[in-house]
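Survey of secondary and tertiary structure
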Amino acid sequence: MSAVLSFPTAVYSVEAVKRAAYRFTDRLSFEISLNGEEIRCSVTALADMTSEDLASVTARVRNEVLDQDLRERIAAETAVVRNVVLAYAFSAAGLQDL
Amino acid sequence: MSRFGALADYAPALETRYQLLPFRFANLDDGRCLVTNLVGEYVLLARADLEDFVHHRLVPSSPVYDDLKAKHFLVDGDHSVAIDLLVLKARTKASRLAHFTGLHMFVTTLRCEHACPYCQVSRQSEDRAAFDMSEATADRALAMVFRSPSPTIKIEFQGGESALNFGLVRYIVERAEDINRHERRDLAFVIATNLAIVTDEMLHYCREHDILVSTSLDGPADLHNKNRPRAGRDSHERAVDGIRRARAIVGRDRVSALMTTTRDSLGRAEEIVDEYLRQGFAGIFLRPLSPYGFAVKTKSYAAYDADAWLDFYFRGLRYILELNRAGYRFIEHYASLVLGKMLTPFDTGYVDLRSPAGIGIGALIYNYDGEVYASDESRMLAEMGDKSFRLGNVHRDTWEDIMTSEALLGPLEASFTGSAPMCSECAFEPYCGADPVFHHATQGDAVGHKPTSAFCRRNMAIFKHLIGLLEEPETRRILLGWI
Amino acid sequence: MLTLATRALELRGFPADEISRHLLLSEDRALPEALRRGRAFLTREADPPRGFGAYVGFQDRRDILDGIDAETPSVLLPASDFEYLSDGDVLRVMPKGKAARAVYRRRSRQNFILTTERCNNFCLMCSQPPKREDDSWLVEDILRLLPLIDRATPEITITGGEPTLLGSDFLRILSACESWLPETAIHILSNGRTFADMEFARGYAAIGHHDVMVGIPLYSDVSHLHDFVVQARGAFDETVRGILNLKSLGQRVEIRVVLHQQTYRRLPQLAQFIARNLRFVDQVALMGLEMTGFTRANLPQLWIDPIDYQNELEQAVDELVAHGVRTSIYNHQLCVLSERLWPFARKSISDWKNEYMPECGGCTKMDQCGGFFSSAHIRYSDHIRPFLAAGSGTPSGTPSRQTAMALAAE
C-alpha cells in the first residue's frame, strides 16, 4: 500500500517534512524528493494496511508536518534566548552579568 | 479611591507584544497540547491557544496568559529577572553532572545458588571460586572509586549472590572506610542479596557498618518461586525470613526490595503490590523487564511488548493510588522519580533516566575479574558476548583511560537527548533520559530508533498518564507526597 | 490593645527644647548608686529611692513624686494606659513635642523598631501607611536606644515603611544591633527591592550579623499581579532579584504572603512558583489580613472570609511542604482554618494587639489560637465558633454573627 504526499516549498521546509516523516518510520517508509516547487513524499506501508488505515495515517503525517513547521518557527524565535540561558547556566559567571 | 491604581494600570496592555521563551510542545490524546519549557515546567493548552500563543495573538486577559508568564514561557515588558530565574533553574537541573560518578558497583562473585531465568549474569554453581573478585582487584577498583569527585559515594555489592563472597564485602567496606577517613565523602554501602544464605553474623556486620540491604521480592510465593528457582524451591520463604531478620538486626528502614517483572507477573500487579504491603514495605518499584542476560536467551523479553507491560504498570499504579486514597501511604518509586523531574527544580540520581546518560558518569561497575563497565546492563550485555560498553580493566588501565574511552564518550554523545532525532524536539525530553545500552541491545544502536523504541513508548505513556493524574486535586495531593 | 504612645503627659525638669530622650526604667529600689544616674525610677509607691537620673510616675499618684526636686527630670503618665510598664522598659520622652512612647518592653515577645515611615511600595493593605516626610532623625534615635535594650532580649523586629531606604544608615543600625545586642535575633521586614543592588546586598552581608532574617512579601507568581497589590511597577522584578542576591550571599530570607481577595486565587500557583524558583528560601509565612491602615480604605477589594479560601490555602501548603519548604500560617483563627492546617498555624499576634470576639465565648482552644488583631472588630469571619468539648475538632453550631444580627433584625 502506498501513497504520495506533496508539500509546497513556499510553505514548508524539507527539514520539517523529514522530521515529521521520521516519527512514522515505525509503520511507513518514505522516499523524499524535491520536485520543482514541491517536496514529494512517497509513502509505503511497512506491513499490511487497509486503504482506510493508510489514509488515516497519512493525514496524521500531514498534521505532523504542520506541527514541525510550528516547531521551526518557535525554535527560530527562541534560539538566541535559549543559547543565552544555556551559556549562563553552564558558565561560572554571576547572574548580574546579564 | 484615587490614590490607588486599578489592576489594569499594572497589567500588560492589550497590544503588548510578548516575547517567546524556549519551549516544546506535544499533542495529548484528548486534543490538548502540552508545552514544556527548558527545565520541564509545563502548562496544558487548547490547540487554538497554542497557535495563538506562537503567533503572538494571545491577549493578557486570556486565562492561560498568566500561567505561561509565571512559568516562563513568555516574557513581557522589561522582565529580565525571568531570564535570571531560567538560568538558575537550568543550572540546578544540570548540577548533578558536576558531581560525576556517585554509584560504584562491585561484583564480588558471579556464583549464585538461584537459577533465575531472567538473570542478567551467568549462572555459576556454588563451587567455582574462580568467579570471585580478589582483594587485589578490589584495591585497584577502590582507588578508581575515589578518583570520582562526587561528594557522595555509594558502594553497592552485586553478584551473582554477593554474600557468597562476604569476606570480600568486609574487606572492601573496611578499606573504603579507611580511605574515607582522609577523603571525607558521604560514603554509603548497599548489599544486593537474595538473603537466602545470609547469616545473622553477616547481618550484624551490616548493622555495624551501616550497610543497607537490598533484596529481591518478585511477588507472592508462587510467582516469586517460579521466577526465582533454587534447590529446595524455597526462595520466597527464605526471602521473607531474611527480610524479617535483616530488619531486626540491621534496622527496619535499612531493608529494601526490588521486583523483576516477567511474563508471569503481568496480570498480577495488585497481588504483587499486596505482597509488598504484607511484607511491610512502604513502596514498590514496578520495573520493566530488562532485555539483557538470560532474559533474551530464554525469550523472556520477547514474551510481551511495551503495551502489555504498560497495562501491568497502570493497573499497579491505580491500585496503589486507591490504597493511598484509603489512607495507606504507599509509593510507586518510578512515578516518584518522574514526578521529581516534573515538579521539582532538581534532576534525579537514577542513572537510567538521565541525559547525558548515567553510564560511567553516573555509575560504574567493577566486575569480579577487574573489567570495568559503564553500567550493570553493560556488564550483562558483556556476559552475552557483546562487550561494546566495556571501558577497561582496573589492572591495566588508568582512571583517565577508562573515563575518556571512546566506548564511553561515543554513546554518551550520540545518545544525548538534546540532539537525538525526535528527542531533541520532544516536549517530554526534560523528564526522560538517554539509555544507550538498552537501545544498543534492542535496536543495535546507542541512539536508538525512537519511533520503535520500547523505552520511548513506555516512558512517553507514563509521562502522559502522570500529567493526567496531576490534574485531579486529590490525586495531585497524594502524588505530591511522593516527591 | 496596649497604648504605647501619649501626648497626655506632664513633664518637669527637662530642657524645653529637648527633642528626645530615652529613659531606661528601673523598679529596683536597691539598684547600686553608681547605676542610678543612667536610669529612670518607675514610681508606684511612696518614698522613691534617691539618686536616679529621672523619675516616671502616674497622674493618679502624683503626690509620690512631690519629694523629687524640680531640676530632676520627671514624667507623669496617664495612669490606666501605662500600667504595663516595668523594669527594663525604655520610654522615649519628647519634651519639646510633649509626647512619650514606650519604645521597648522587656517582657514583650515582640519588640519593633520603626526605622522610617517612607516606602517605595504602596500596598493596598499596608498596615503602616507610608509618609513622605524626612524622618531621618529616627536613625540617631534608634542608635541611642539600642544600648539601653536588655541584651537578653531574644528577638527584635526592624520595620517601617521600608527600612532599606535608609541606605547606609540602615546598615549602621544593623551593625549597631550586632554590637550592642550580640545575642538578639533580628527580623527585618522589607520589600527586598533595595537588595536588587548587589553592592547594597554585599554591604548587608558583610555585617555578618549572627542571627538575622529578612521577611520579604511576594504576592503572586505573576509579576503584574504582585505589582498591582504593592502599587508599584517593576516591584516584582526588584523584589525577586533582591531575594536572589541575598540568597546568593548566604543570607536568610523569609517570604511573606498576606492572604486577601487579590492574592488567594493564585495562591497554589505562587506556592509552585516559590517551590520551583525560590526553593532555597528559609521559610514561607502565610498571613491573615490586618484591618488597619489602608486595608480599611480598600476593604471591598481586599476582604474575603478566610473560610472561603481554605481550598487554595490547603493546596498551597501541600505544595510547599511537599517540596520541603518550611511553612507557617499566621493570624488565622483555628475555627476558620482547615484542621489539616492546624500544625502550621502559629500563635503570633503581637501581645499588644490581640483580642477575642464574643463568638469565642467558652472556646476550649483559645490558648492555642492566636485570636484576633484588635482592629479585627471592623470585619472578621462570619464563621467564628467556639470549640466546646475538649479535643473537639469541630466548632459548635452557635449561630454566626451575621445570622444572629439577621435574627435580631426580624
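Predicted, not measured: the structure shown is a model, and the values here were computed from it.

Criteria and thresholds
Residue positions are given per chain, counting from 1 as you read along its sequence in written order. Following the order in which they are written, the chains are lettered starting with A and the ligands numbered starting with 1. With the structure being a predicted model, the display of local features is reserved for residues of pLDDT at least 70 and the display and counting of side-chain atom pairs for 80 or more, all residues being used for whole-chain, interface and lining totals. Processing note: side-chain calculations cover all non-hydrogen atoms of the structure and skip hydrogens and water entirely. Under the scheme used here, helices are H or I runs from DSSP no shorter than 4 residues and strands are E runs no shorter than 2 residues, and both carry numbers assigned from the N terminus. Here the globule rule is a power law, 2.2 Å times the number of residues to the power 0.38, and the radius of gyration is based on C-alpha atoms. Exposed residues in this analysis have more than 50% of their type's maximum accessible area, buried residues have under 20%, and partly exposed residues fall in between, with area computed by a 1.4 Å probe over protein chains only. When checking whether two residues touch, look at their non-hydrogen atoms; a contact exists if any pair is within 4.5 Å. The method behind every accessible area is Shrake-Rupley, applied with a 1.4 Å probe, and residues are considered shielded solely by the protein chains displayed. Neither His nor the chain termini are counted; the positive set is Lys and Arg, and the negative set is Asp and Glu. A charge is said to be at NZ when it belongs to Lys, at CZ for Arg, at CG for Asp and at CD for Glu. Each salt bridge in this description consists of a side-chain nitrogen of Lys or Arg and a carboxyl oxygen of Asp or Glu lying within 4 Å of one another. In this description, a nonpolar core means a group of buried Ala, Val, Leu, Ile, Met, Phe, Trp, Tyr and Cys residues linked to one another through side-chain atoms lying within 4.5 Å. A simple way to read buried area is as the amount of 1.4 Å-probe accessible surface that goes missing from two parts once joined, with both sides added. Any residue that is not Ala, Val, Leu, Ile, Met, Phe, Trp, Tyr, Cys, Pro, Asp, Glu, Lys or Arg is counted as polar, Gly included; the first ten are nonpolar and the last four charged. Should DSSP find at least two bridges between two strands, the strands are taken to pair. In this description, a line fitted to the C-alpha atoms serves as the axis of each element, helices being fitted only across the stretch in contact, and the angle between N-to-C directions of two axes falls anywhere from 0 to 180 degrees. Any two of the Phe, Tyr and Trp rings considered here, Trp counted by its six-membered ring, make a pair once their centres fall within 6.5 Å; the pair's planes then place it as stacked at under 30 degrees, edge-to-face at over 60, or tilted in between. Both a distance and an angle decide whether a charge sits over a ring: NZ of Lys or CZ of Arg must be within 6 Å of the ring centre and within 35 degrees of the ring normal.

Looking only at helices and strands, chain C features 11 helices and 18 strands. Taken over C-alpha atoms, the radius of gyration comes to 23 Å for chain C, in line with the 22 Å a tight globule of 410 residues would show. Viewed in the frame of its principal axes, chain C has a C-alpha envelope of about 65 × 60 × 35 Å. Burial statistics for chain C: of 410 residues in total, 59% are counted as buried. Considering only contacts in chain C between residues 6 or more positions apart, those separated by 24 or more positions represent 66%. Accessible surface computed for chain C: about 16900 Å², of which carbon and sulfur atoms make up 50%. Across chain C, the 46 positively charged side chains and the 52 negatively charged ones have centroids separated by 1 Å.

As a further point, take the pattern of salt bridges. With the rule as written, the count across this model stands at 66 salt bridges over all chains. The shortest N-O distance in the salt bridge between Arg 19 of chain A and Glu 425 of chain B comes to 2.6 Å. Taken together, the residues Arg 19 of chain A in helix α1 (residues 14-22) and Glu 425 of chain B in the loop between α17 (406-415) and α18 (436-443) connect one chain to another. When its relative accessible area of 32% is taken as the criterion, Arg 19 of chain A is described as partly exposed. For Asp 221 of chain C, the salt bridge goes to Arg 266 of chain C, with nearest N and O atoms at 2.8 Å. Of this pair, Asp 221 of chain C sits in the loop between β12 (212-217) and α5 (223-230) while Arg 266 of chain C sits in the loop between β13 (252-258) and α7 (267-277); the two residues are 45 residues apart in sequence, bridging distant segments of the chain. The burial state of Asp 221 of chain C is the same as that of Arg 266 of chain C; both residues are buried. The network of salt bridges with shared partners includes Glu 15, Arg 19, Arg 23, Glu 64 and Arg 71 of chain A together with Glu 425 of chain B.

In this section: the nonpolar core. Core analysis: the biggest nonpolar cluster contains 122 residues, and Phe 106, Ile 155, Met 342, Tyr 366 and Trp 482 of chain B have the highest contact counts within it. When residues in this core are grouped by element, the largest group, 10 residues, is from helix α13 (residues 306-325) of chain B. Tyr 366 of chain B has contacts with His 104, Met 105, Phe 106, Val 107, Met 133, Ala 141, Met 144, Val 145, Glu 371, Val 372 and Val 394 of chain B, leaving out every residue within four places of it along the chain. Phe 200, Val 317, Leu 334 and Tyr 380 of chain C belong to the second-largest nonpolar core, a separate cluster that totals 96 residues.

Every contact between the two is made by 38 residues of chain B and, on the other side, 36 residues of chain C. When the two sides are added together, the surface that chain B and chain C hide from each other amounts to roughly 3100 Å², 56% of it contributed by carbon and sulfur. A per-residue breakdown of the area chain B buries against chain C is headed by Phe 4, Tyr 10 and Val 81 of chain B, which together make up 23% of the total. Note that Arg 476 of chain B and Glu 319 of chain C form a salt bridge whose closest N and O atoms lie 3.1 Å from each other. At the level of elements, α1 (7-10), α3 (63-70), α4 (80-94), α14 (333-343) and α20 (473-480) of chain B are the ones that each hand at least two residues to the side of chain B that touches chain C. Considering every element that reaches the side of chain B that touches chain C, the biggest residue donor is α4 of chain B, with 7 residues. Looking at the side of chain B that touches chain C residue by residue, the class counts come to 18 nonpolar, 6 polar and 14 charged.

Glancing now at unusual backbone geometry. All names here are of chain B. With an omega dihedral of 25 degrees, the bond running from Gly 159 to Gly 160 counts as a cis peptide bond. Looking at the secondary structure, you find Gly 160 in the loop between β7 (152-158) and α7 (166-183). Of note, the amide linkage connecting Ser 355 to Pro 356 takes the cis form, showing an omega dihedral of 0 degrees. Within the element layout of this structure, Pro 356 appears in the loop between α14 and β13 (363-366). A positive phi is found at Arg 184, a non-glycine position, where the angle reads about 50 degrees. By the secondary structure assignment, Arg 184 is in the loop between α7 and β8 (186-192).

Before going further, it helps to examine the sheet that holds strand β6 (residues 103-107) of chain B. Residue and element names in this part refer to chain B. Taking strand neighbours across the sheet as the criterion, the 8 strands line up as β10-β9-β8-β7-β6-β13-β14-β15 in an open arrangement whose pairing is mixed. Looking along the sheet, the strands with just one partner apiece sit at the ends: β10 (255-258) and β15 (390-393). On average, each strand axis in the sheet is inclined to that of its neighbour by 25 degrees, with strand direction left out of account.

We now examine the sheet that holds strand β2 (residues 23-27) of chain B. Residue and element names in this part refer to chain B. Reading across the sheet, the 3 strands line up as β2-β3-β4 and stay open at both edges, with antiparallel pairing between neighbours. A strand with exactly one partner marks an edge of an open sheet, and here the two such strands are β2 and β4 (42-46). Taken over all neighbouring pairs, the strand axes of this sheet differ in orientation by 25 degrees on average, direction set aside. Note: strand β3 (residues 32-37) against β4, 5 bridges, orientation antiparallel.

For α14 of chain B, a buried count of 10 out of 11 residues is recorded, marking the element as mostly surrounded by other parts of the structure. Among the residues making up α14 of chain B, those that are buried are Tyr 334, Ala 335, Ser 336, Leu 337, Val 338, Leu 339, Gly 340, Lys 341, Met 342 and Leu 343 of chain B. Among the structural elements, α4, α13, β12 (331-332), α19 (454-470) and α20 of chain B together with α7 of chain C are those in contact with the buried residues of α14 of chain B.

Now for the packing of aromatic side chains. Residue and element names in this part refer to chain B. Applying the stated criterion to the full structure yields 35 aromatic pairs over all chains. With 6.2 Å between their ring centres and 65 degrees between their planes, Phe 100 and Trp 399 make a pair best called edge-to-face. Taken together, the positions of Phe 100 in the loop between α5 (96-99) and β6 and Trp 399 in helix α16 (residues 399-403) put the pair 299 residues apart, joining distant regions of the chain. Of the residues examined, Phe 100 reaches a relative accessible area of 25% and is grouped as partly exposed. Overall, Trp 399 belongs to the buried group, its relative accessible area being 15%. Ring geometry for Phe 285 versus Tyr 350: centroids 5.5 Å apart, planes at 45 degrees, classification tilted. Placement of the pair is Phe 285 in the loop between β11 (283-284) and α12 (294-297) and Tyr 350 in the loop between α14 and β13, with a sequence separation of 65 residues. By relative accessible area, Phe 285 is classed as buried at 11%. Clustering of aromatic rings is evident, with ring pairs tying together Tyr 18, Phe 23, Phe 53, Tyr 65 and Phe 73. We note Arg 247 situated over the ring of Phe 281; from NZ or CZ to the ring centre the distance is 4.6 Å. Its guanidinium or amino end placed over the ring of Trp 309, Arg 458 lies 5.9 Å from that ring's centre, counting from NZ or CZ.

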